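So the chains spell out like this:
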Amino acid sequence: MPHTRRTLLGGSLALSSALLATPVLGAPALARSGRPSAAWGVQSGEITAHSATVWTRSDRLARMYVETSPSESFRYAVRRHRGPLLGPSTDFTGTTVLRDLPPGQQVHYRVLLADPEDPRRTGEPVHGTFRTTPVSRRQDVRFLWSGDLAGQGWGINPDLGGYRVFEEMRQRDPDFFLFSGDTIYADGPIQPSVPLRDGSLWRNITTEEKAKVAETLAEFRGNFRYNLLDGNLRAFNAQVPVLAQWDDHEVRNNWYPGQLIDDPRYTVRDADTLAARARQAFGEYFPVTDLRGGRAEGRMYRVMRYGPLLDVFVLDMRTYRNANSPGTQTEDRTGILGAEQLAWLRRELSRSRATWKVIAADMPLGIVVADGAANFEAVAQGDPGAPLGRELQIAELLRHIKHQRITGTVWLTADVHYTAANHYAPERAAFTDFAPFWEFVSGPIGAGGFPAGRLDATFGPETAYVQSAPLANMSPSENPPYYGEVDIDGAGGELTVRLRRQGGGVLFTKTLRPGRVGQ
């Protein structure tokens, strides 16, 4: 019987592994026998109609195997997929690509790690599941998005049960999770405790690699491992595929190519060197096969085609940008995307036949994000007039979308540590050659909350909803995490966005109809 969200949540899959179901806060217990252990859990990603990528990490040298079945019990139709040898060159992480899967179906898998000297000696299997992408327009799609985890010193707090928001999101049973950047805070050390405004203490689980800013490859790897100490996140990863992008904190705050770091905490002052190490660790700790081993040809920007209803265009607004500046240039071919990525995005948007084209941006378009007193970090630079600096590149893209009559574009982002729904319209804008669109903001998922930023009127944004922290860097206990939810109805094609908050339900809802402009 095909699994629905209701039957899956009613089953025992999420509890099939004690390791994943128990939110143990501290290092996962590693096997002391001679058998390898996948104590860091499993992840899936790169989901298509007929394939998927499964990730794990071993505690020692081991051969990875993945078994799949349409049955949660693995009583019939079990297939074994042979994976790589996991060793020190990839920090004992690895991925296995599963092929020839049935479209639009629930697939159950279990990862086994075998002693390379004796394949009969395997550790305890770790279970997971995912849904392959649909081929029918009548199949509903649901996904969640958010960003910013373990930032501003707010890490895994055992007193609060760790990253409980991931358990709440798991219960929503989405088809995938769009992790919208700042998946780690490599520049944000985690201290054992942090004083709160009411005089109490926030307590953190800590590790050696999180005691300082990340500079070495080992320290970047340790930042990714840190988040996997949380059982809520491991259980979420076992059930929900991840589509991960990066922003600045995977390397350091507000970095750009060619930057020389003026920060006494760093002995490595070249941002490009740090970025290369961060990129390798990112590729090792997420199921993204093109990035494994730090391969130069791998790229962060890509498109995920999730059946006839949805294409997700994952942008990289870090790797190809120019230096942060006042943003007053009247010509700017590099911008925030770089010329090559912009050309790719224009081309792929024009080719897309999906009903909805979600543009996953790791930074907002119209919210002013400063970098110091005179420079700007995102697209907007505070001048409400005609496009300047990085705004020129976005104007070119928006013009292309209008003139090519590309419908169904929706922008999603995180980064600014609050949640909002912003509508952009030419009748309010200094630049008018574009079709109206929505940009939805959500986050942080586990970092400091901040007050809402101001809008730049160049593209005519208007806030339909906003909720933010009243003070800067409020802890997740004072300002609970935000995440967004997107539901696409298979029968009518409508796309509904809900802005959510941990424990607080739905804050805002907007439904968009297919083929309509400027709703």
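Residues numbered from 1 in each chain as written. Predicted model: local features only at pLDDT ≥ 70, side-chain atom pairs only at ≥ 80, totals over all residues. Heavy atoms only, no water.

Novice: Help me out: how do you make sense of the overall build of the protein in this one?
Specialist: Within the protein, the secondary structure is distributed over 8 helices and 25 strands. The C-alpha radius of gyration computed for the protein amounts to 22 Å, which stays within 12% of the reference 24 Å derived for 519 residues, consistent with globular compactness. A principal-axis box enclosing the C-alpha atoms of the protein has dimensions of 70 × 55 × 45 Å. Summed over all atoms, the accessible surface of the protein reaches about 19,200 Å², with 50% contributed by carbon and sulfur. (Helix = DSSP H or I, 4+ residues; strand = E, 2+ residues; numbered from the N terminus. Rg over C-alpha atoms; globule rule 2.2 N^0.38 Å. Areas by Shrake-Rupley, 256 points an atom, 1.4 Å probe, with all protein chains shown as cover.)

Novice: Looking at this model, I keep getting lost on empty space enclosed by the protein. Mind explaining?
Specialist: Any empty space left between atoms is shown by rolling a water-sized probe over those atoms. Evaluation of the coordinates by the stated rule reveals 3 cavities of 30 Å³ or more. In this structure, the largest cavity spans a volume of roughly 150 Å³. What lines the largest cavity is a set of 16 residues, among which F179, L228, L233, N237 and F286 lie closest to the centre. Broken down by secondary-structure element, the contributors of at least two residues to the lining of the largest cavity are β10 (176-180), α4 (217-227) and α5 (231-239). Considering each element in turn, the lining of the largest cavity owes the most residues, 3 residues, to α5. Class assignment of the residues belonging to the lining of the largest cavity gives a composition of 12 nonpolar, 4 polar and no charged. Its boundaries defined by the atoms lining it, the second largest cavity holds a volume of some 70 Å³. (1 Å grid on protein atoms, 1.4 Å probe; cavity = no way out; pocket = protein on both sides within 12 Å on 5 of 7 lines; lining within 4 Å. Points joined across faces, edges and corners; volume = space filled by probe spheres on them. Nonpolar A, V, L, I, M, F, W, Y, C, P; charged D, E, K, R; others polar.)

Novice: Is there a simple way to explain the layout of surface pockets in this structure?
Specialist: By volume, the largest pocket amounts to about 350 Å³. Contributing to the lining of the largest pocket are 19 residues, with V369, D415, V416, H417 and F450 lying nearest its centre. Of the residues belonging to the lining of the largest pocket, the class tally is 9 nonpolar, 6 polar and 4 charged. In this model, the second largest pocket occupies a volume close to 300 Å³.

Novice: Honestly, the sheet that holds strand β25 (residues 505-512) in this entry has me stumped. Any pointers?
Specialist: Taken together, 6 strands build an open sheet; the order of strands is β13-β10-β9-β23-β24-β25 and the sheet is mixed. Two strands close off the open sheet at either side, each with one partner strand: β13 (242-245) and β25. Sheet twist, expressed as the average angle between the axes of neighbouring strands with direction ignored, equals 20°. Sheet topology note: the strand β9 (residues 141-146)/strand β23 (residues 482-488) ladder contains 5 bridges and is antiparallel. When the bridges of β23 are listed, L144 appears paired with E485. Contacts from helix α3 (residues 164-171) reach β9, β10, β23 and β24 (495-501), with the element oriented near 10° to β23. (Pairing = 2+ DSSP bridges. Axes fitted to C-alpha atoms, helices over the stretch in contact; angles between N-to-C directions. Contact = heavy atoms within 4.5 Å.)

Novice: Just to check I follow, could you spell out helix α6 (residues 271-285) for this structure?
Specialist: Because the α-helix completes a turn every 3.6 residues, residues three or four places apart line up on one side. Taking 1.5 Å of rise per residue, the 15 residues of α6 would be expected to cover 21 Å, and the 21 Å separating its terminal C-alpha atoms lies within 8% of that figure. With 11 of its 15 residues buried, α6 lies for the most part within the structure. On its buried side, α6 packs onto β1 (42-45), β2 (52-57), β5 (93-98), α4 and β13. Near the N-terminus of α6, the side chain that reaches the backbone nitrogen of D272, with its oxygen 3.1 Å away, is that of D270. (Expected span 1.5 Å × (residues − 1). Buried < 20%, exposed > 50% of the residue type's maximum accessible area, 1.4 Å probe, protein only. Polar contact = N/O pair within 3.5 Å; in protein donor to acceptor, adjacent residues only side chain to side chain.)

Novice: Is there a simple way to explain the pairing of β25 in this structure?
Specialist: As a general feature of sheets, a regular strand has side chains that alternate between the two faces. Here β24 runs beside β25; their pairing, made up of 7 bridges, is antiparallel. Across the sheet, the residue bridging to R501 is G505, located in β25.

Novice: Would you take a moment to explain the nonpolar core for this structure?
Specialist: Burial of nonpolar side chains together is a common tendency in soluble globular proteins. Ranked by internal contacts, the top residues of the largest apolar core, which has 48 residues, are F166, M169, F177, Y226, F282, F286 and I445. The element contributing the most residues to this core is α6, with 7 residues. Once you skip the residues sitting within four places of it in the chain, F282 turns out to touch T183, F224, A244, Q245, W246, E250, V288, L291 and M300. Of all hydrophobic cores here, the second largest spans 35 residues; its members include Y301, M363, A395 and Y424. (Core = buried A, V, L, I, M, F, W, Y, C linked by side-chain atoms within 4.5 Å.)

Novice: It is not clear to me how the sheet that holds strand β19 (residues 409-413) should be interpreted in this structure. Could you clarify?
Specialist: Sheet strands pair by backbone hydrogen bonding; their relative direction is either parallel or antiparallel. Strand order across the open sheet formed by 7 strands is β14-β15-β16-β19-β21-β20-β22, with mixed pairing between neighbours. If you trace the sheet from one side to the other, it starts and ends with β14 (302-306) and β22 (461-467), each paired once. Across the sheet, the axes of successive neighbouring strands diverge by a mean angle of 20°, strand direction being ignored. Two strands pair when backbone bridges link them, and strand β15 (residues 310-314) and strand β16 (residues 356-360) are joined in this way by 5 bridges, in the parallel orientation.

Novice: Is there a simple way to explain the confidence of the model for the protein in this structure?
Specialist: As a note on interpretation, predicted positions should not be read in detail where pLDDT is low. Averaged over every residue, the pLDDT of the protein is 92; residues scoring 70 or more account for 92%. Here residues 1-22 is modelled with pLDDT under 50, and outside its nearest four sequence neighbours on either side it reaches 44 contacts, counting other chains as well. (pLDDT = per-residue confidence, 0-100.)

Novice: Honestly, the side chain of Q259 in this entry has me stumped. Any pointers?
Specialist: When you line up the elements, Q259 lands in the loop between β13 and α6. Those residues within four positions of Q259 in sequence are excluded, and the remaining contacts are R252, N254, R269, D270 and A271.

Novice: Help me understand the pattern of salt bridges in this model?
Specialist: Oppositely charged side chains can form a pair if their charged atoms are brought close together. Overall, the coordinates contain 35 salt bridges when judged by the stated rule. For E167, the salt bridge identified is with R170, shortest N-O distance 2.9 Å. Of this pair, E167 and R170 both sit in helix α3, separated by 3 residues, roughly a single helical turn. Owing to a relative accessible area of 9%, R170 belongs among the buried residues under this scheme. Between R305 and D311 there is a salt bridge, and its shortest N-O distance comes to 2.7 Å. By sharing partners, the salt bridges in this structure join R142, R172, E485, D487, R498 and R500 into a single network. (Salt bridge = Lys/Arg side-chain N within 4 Å of Asp/Glu carboxyl O.)

Novice: How should I be thinking about the packing of α4 against α6 in this particular structure?
Specialist: Two packed helices can be described by the angle between their axes and the distance between those axes. Where α4 meets α6, the closest approach of the two axes is 9 Å, and the angle between their N-to-C directions is 40°. Taken together, α4 and α6 sit at an angle that is classed as oblique. Crossing angle aside, the handedness with which α4 passes α6 is right-handed. Residue-level contacts link L217, F220, R221, F224 and R225 of α4 to L274, R277, A278, Q280, A281, F282, E284 and Y285 of α6. (Parallel < 35°, antiparallel > 145°, perpendicular 65-115°, else oblique. Left-handed = near helix turned anticlockwise from the far one by under 90°.)

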